[in-house]
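# Overview (structure and organization)
Spelled out from the first residue to the last, the chains are:
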Amino acid sequence: HELGIGMTTIGSHGSGYWDTFYSAEELEAKFGSHPLPFLAYNAIGGVLSVLFSEPRYGVYQILDAVRRDTLSPVVIINIVSSALLTLVIGWQMVQSFRRRRRDWSTGDRTLLIAAVVLAANAAMCGPYMKDEILSVAGVFYALAAFVAVQALLQHAMTRAFSRHALALVILVIAASAPLWAFRAAGVHYQLRLAAYNERNEWTWVLRPENRTEWPSDARQLVLTRRLKDEALQRRVASPHFLPRWGGPYWVE
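Presented here is a report on the structure given in the accompanying data block.

Cut-offs applied
- Residues numbered from 1 in each chain as written.
- Predicted model: local features only at pLDDT ≥ 70, side-chain atom pairs only at ≥ 80, totals over all residues.
- Heavy atoms only, no water.
- Axes fitted to C-alpha atoms, helices over the stretch in contact; angles between N-to-C directions.
- Helix = DSSP H or I, 4+ residues; strand = E, 2+ residues; numbered from the N terminus.
- Parallel < 35°, antiparallel > 145°, perpendicular 65-115°, else oblique.
- Left-handed = near helix turned anticlockwise from the far one by under 90°.
- Contact = heavy atoms within 4.5 Å.
- Expected span 1.5 Å × (residues − 1).
- Buried < 20%, exposed > 50% of the residue type's maximum accessible area, 1.4 Å probe, protein only.
- Core = buried A, V, L, I, M, F, W, Y, C linked by side-chain atoms within 4.5 Å.
- Phe/Tyr/Trp six-rings, centres within 6.5 Å; stacked < 30°, edge-to-face > 60°.

## A word on the packing of helix α5 (residues 106-123) against helix α6 (residues 135-157)
Close contact between α5 and α6 brings their axes to 9 Å; oriented N to C, the two are set at 155°. Comparing their axes, α6 and α5 come out roughly antiparallel. The element α5 and its partner α6 pack so that their crossing is left-handed. Listed contacts from α6 to Gly107, Thr110, Leu111, Ile113, Ala114, Val117, Leu118 and Asn121 of α5 are Ser135, Val136, Ala137, Phe140, Leu143, Ala144 and Val147.

Put into structure tokens, the structure is as follows:
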């Protein structure tokens, strides 16, 4: 209660809808009296965001790119890599459901748990969509991906595929593996950039000319001052030392 944390509702946070990001006030005006379409949109979008990297924060970047007549390379990389991996996971789930339940392996059960977690986690995106909300589903997506890729490789090594199917498997792995490796490398770029931006944001907290905006509670003031000091004392790399081409390929 002291932290002001409560049940989130439509209008408590900004979120996207199709190709546009709306502020909290705009969402309240647009969906406050009829919330069900927006809640369903976010729940479905949460599932698609994990499986295909679209939408992000509620905005379908493909639609936004069509509207703006420009498409960043990072959008293509994320969608293609996610779609290929999701295809492999879907293939393995089909194989699992073809077997009798009593013959299921630990991997088969992992896929089922991942699907349940994804549905439950996506339902939590009702009032607004955010990557952090879907982080748990993202972890289980990675587990499902490991199970599915391992099963695919084992299936290929036993020569259970036809020649054309094996060629398709090789093509999928050859295309998806480098893309995911490239995305993983981009995490370091994004973390360094976020650290720089977050540190600079703290310079606007507790500014002397804005004393009227300081916390009135003494405990909150001490905590805020401590957090600010810790943030400003932490060394971060300037974006000028990061590769200039990294933005279009790693930052959405």
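## Points about α5
Between the first and last C-alpha of α5 there are 26 Å, a value that for 18 residues agrees with the 26 Å anticipated at 1.5 Å per step. Every buried residue of α5 is listed here: Gly107, Asp108, Leu111, Ala114, Val117, Leu118, Asn121 and Ala122. Structurally, α5 contributes buried residues whose contacts are with α2 (36-52), α4 (73-98) and α6.

## Comments concerning the nonpolar core
Ranked by size, the top nonpolar core spans 25 residues in total, and within it Val50, Ile89 and Tyr141 carry the most contacts. Counting residues per element, the ones that place at least two in this core are α2, α4, α5, α6 and α7 (163-201). Discounting residues that sit within four places of it in the chain, Ile89 has contacts with Leu111, Tyr141, Ala144, Ala145 and Ala148. The next biggest cluster of nonpolar side chains, apart from the first, holds eight residues, and it includes Tyr17, Leu27, Phe38 and Tyr41.

## Let's talk about the packing of aromatic side chains
Under the defined criterion, the tally for this structure stands at 17 aromatic pairs. Residues Tyr17 and Phe38 carry aromatic rings whose centres are separated by 6.1 Å and whose planes lie at 45° to one another, so their mutual orientation is tilted. Taken together, the positions of Tyr17 in strand β1 (residues 15-17) and Phe38 in helix α2 put the pair 21 residues apart, joining distant regions of the chain. For the pair Tyr17 and Phe38, a shared accessibility class is recorded, and that class is buried. Where Tyr189 meets Trp250, the ring centres are 5.5 Å apart and the plane angle is 45°; that geometry is what we call tilted.

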